[in-house]
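Now for the letters of each chain:
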Amino acid sequence: MDTIEAILTTRAMRRFTAEPVADADLEACLRAAQQAPSGGNVQPQQYLVVTAADQRAVVAHWYRKAFDRYESSRPAPVFKDEGDAAVWKRTSDASRHLADHLQDVPAIVLFLQPLIPWGWSDDEGPMDIGRLDASVYPAVQNFCVAARSLGLGTALTTVIRIYAAEALDALGVPPGRFEIAALVPVGHPAGTFGIASRKPADAVTHWNRWGDKRR
Ligand SMILES: Cc1cc2nc3c(=O)[nH]c(=O)nc-3n(C[C@H](O)[C@H](O)[C@H](O)COP(=O)(O)O)c2cc1C
């Protein structure tokens, strides 16, 4: 499919059918993820692809526990209008649905990031060269766009980080070596792909100098 259309219609999909996802499709998405850029080309990420039902249940257990904590403690949102409130409720309901049904999603991909020192110093002091996770999220988005091009739905999620140590331990990941940059459920979407509502690019773009608009 057209690349721009694939990008524009890659949005958070959290409701899936029971149809399995072919390993070949997952492998194609992982190849797309692996082509992403990374600082110094370090390619820091590892992928943990969870398709076995018992392992999905373990991940889903920790995800649900994390989401319960997040949901019950998040600050009450302030809405600018009813439309805004309705979008929030839809997202909130879909997020709850994912938390309650993650064990049924055919594949869950964990993007692991090594716990390593990143950046260095010279005589002037430490240098900010960007964070290590800036080298992992491009791979996550490549994965999601590739999945979309194959008709698969995904959602970039991070709430599992609340119980990352427990989830990683349950999956046999050596302790203290990795954090979870993202957890991405993958499946055939129950709904249809569409273009999500966003601020117009013009509204947040400045040309040459802060505040200058092209038109
Ligand atoms: C860094 C990051 C963390 C996110 N964490 C979660 C999460 O833990 N659970 C979840 O259901 N969605 C999560 N999302 C998905 C967002 O809620 C979603 O991208 C946003 O609401 C826009 O959705 P849309 O593309 O369908 O409009 C996360 C997205 C990002 C980029």
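Described in the following lines is the structure provided in the data block. The structure presented is a predicted model; accordingly, all values stated were derived computationally and were not measured.

This part takes up unusual backbone geometry. At Gln-43, a residue that is not glycine, the phi angle is positive and equals roughly 45°. Despite not being glycine, Asn-208 shows a phi value in the positive range, around 70°.

Formed by 28 residues in total, the largest nonpolar core has its most connected members in Tyr-63, Leu-102, Leu-112 and Leu-183. Put simply, the parts of the chain that give this core at least two residues each are strand S1 (46-50), helix H3 (53-73), helix H4 (82-101), strand S2 (107-114), helix H6 (164-170) and strand S6 (178-187). Looking at which element gives the most residues to this core, the answer is H3, with 6 residues. Ignoring sequence-local partners within four residues, the contact set of Leu-183 consists of Val-59, Tyr-63, Leu-102, Ile-108, Val-109, Leu-110, Ala-155, Leu-156, Thr-157 and Ile-160. Grouped together as the second largest cluster of nonpolar side chains are 21 residues, Ala-33, Val-109, Val-140 and Cys-144 included.

Inspection of every chain in the model, using the stated rule, returns 5 aromatic pairs. The interplanar angle of 50° and the centroid separation of 5.6 Å between the aromatic rings of Phe-67 and Tyr-70 together place this pair among those described as tilted. Here Phe-67 and its partner Tyr-70 are both found in helix H3, 3 residues apart, which amounts to about one turn of the helix. An angle of 85° between the planes, with centres 5.6 Å apart, marks the rings of Phe-111 and Phe-143 as edge-to-face. Pair noted here: Phe-111 is in strand S2 and Phe-143 is in helix H5 (residues 137-149), with a separation of 32 residues, a long-range link. Owing to a relative accessible area of 0%, Phe-111 belongs among the buried residues under this scheme.

Between helix H2 (residues 23-34) and H5, whose axes approach to 7 Å, the crossing angle comes to 140°. On the basis of their axis angle, the class for H2 and H5 is oblique. Crossing handedness for the pair H2 and H5: right-handed. On H5, the residues that touch Leu-26, Cys-29, Leu-30, Ala-32 and Ala-33 of H2 are Ala-139, Asn-142, Phe-143, Ala-146 and Ala-147. Along the lines of polarity and charge, the residues of the contact of H2 with H5 split into 9 nonpolar, 1 polar and no charged.

Whether parallel or antiparallel, the strands of a sheet pair through hydrogen bonds between backbone atoms. In space, the 4 strands of this open sheet follow the order S1-S2-S6-S5, with antiparallel pairing throughout. The sheet is open, and its two borders are formed by S1 and strand S5 (153-154), each paired with just one other strand. Summarising the sheet, S5 and S6 pair through 2 bridges and their orientation is antiparallel. Looking at S6, one finds that Thr-154 is bridged to Val-186.

Taken N-terminus to C-terminus, the directions of H3 and H4 make an angle of 150°; their axes are 8 Å apart at the nearest point. As far as their axial angle goes, H4 and H3 are roughly antiparallel. Crossing angle aside, the handedness with which H3 passes H4 is left-handed. Contacts between H3 and H4 involve Tyr-63, Arg-64, Phe-67, Asp-68 and Glu-71 from the former and Ser-95, Arg-96, Leu-98, Ala-99 and Asp-100 from the latter. Looking at the contact of H3 with H4, its residues break down into 4 nonpolar, 1 polar and 5 charged.

All told, the structure shown has 6 salt bridges when counted by the stated rule. The residue Lys-89 makes a salt bridge to Asp-93 at a minimum N-O spacing of 2.6 Å. Residue Lys-89 and its partner Asp-93 are located together in helix H4, separated by 4 residues, close to a single helical turn. A salt bridge links Arg-131 to Asp-133; the nearest nitrogen and oxygen atoms lie 2.6 Å apart.

Close to the ligand lie Arg-11, Ala-12, Arg-14, Tyr-63, Thr-91, Ser-95, Leu-156, Thr-157, Thr-158, Val-159, Ala-196 and Arg-198. Arg-11 places a polar side-chain atom, nitrogen or oxygen, 2.9 Å from an oxygen atom of the ligand. In isolation the ligand has 640 Å² of accessible area, and contact with the protein removes 65% of it.

What counts, and where the lines are drawn
- Residues numbered from 1 in each chain as written.
- Predicted model: local features only at pLDDT ≥ 70, side-chain atom pairs only at ≥ 80, totals over all residues.
- Heavy atoms only, no water.
- Core = buried A, V, L, I, M, F, W, Y, C linked by side-chain atoms within 4.5 Å.
- Buried < 20%, exposed > 50% of the residue type's maximum accessible area, 1.4 Å probe, protein only.
- Helix = DSSP H or I, 4+ residues; strand = E, 2+ residues; numbered from the N terminus.
- Contact = heavy atoms within 4.5 Å.
- Phe/Tyr/Trp six-rings, centres within 6.5 Å; stacked < 30°, edge-to-face > 60°.
- Axes fitted to C-alpha atoms, helices over the stretch in contact; angles between N-to-C directions.
- Parallel < 35°, antiparallel > 145°, perpendicular 65-115°, else oblique.
- Left-handed = near helix turned anticlockwise from the far one by under 90°.
- Nonpolar A, V, L, I, M, F, W, Y, C, P; charged D, E, K, R; others polar.
- Pairing = 2+ DSSP bridges.
- Salt bridge = Lys/Arg side-chain N within 4 Å of Asp/Glu carboxyl O.
- Near = heavy atom within 4 Å.
- Polar contact = N/O pair within 3.5 Å; in protein donor to acceptor, adjacent residues only side chain to side chain.
- Areas by Shrake-Rupley, 256 points an atom, 1.4 Å probe, with all protein chains shown as cover.

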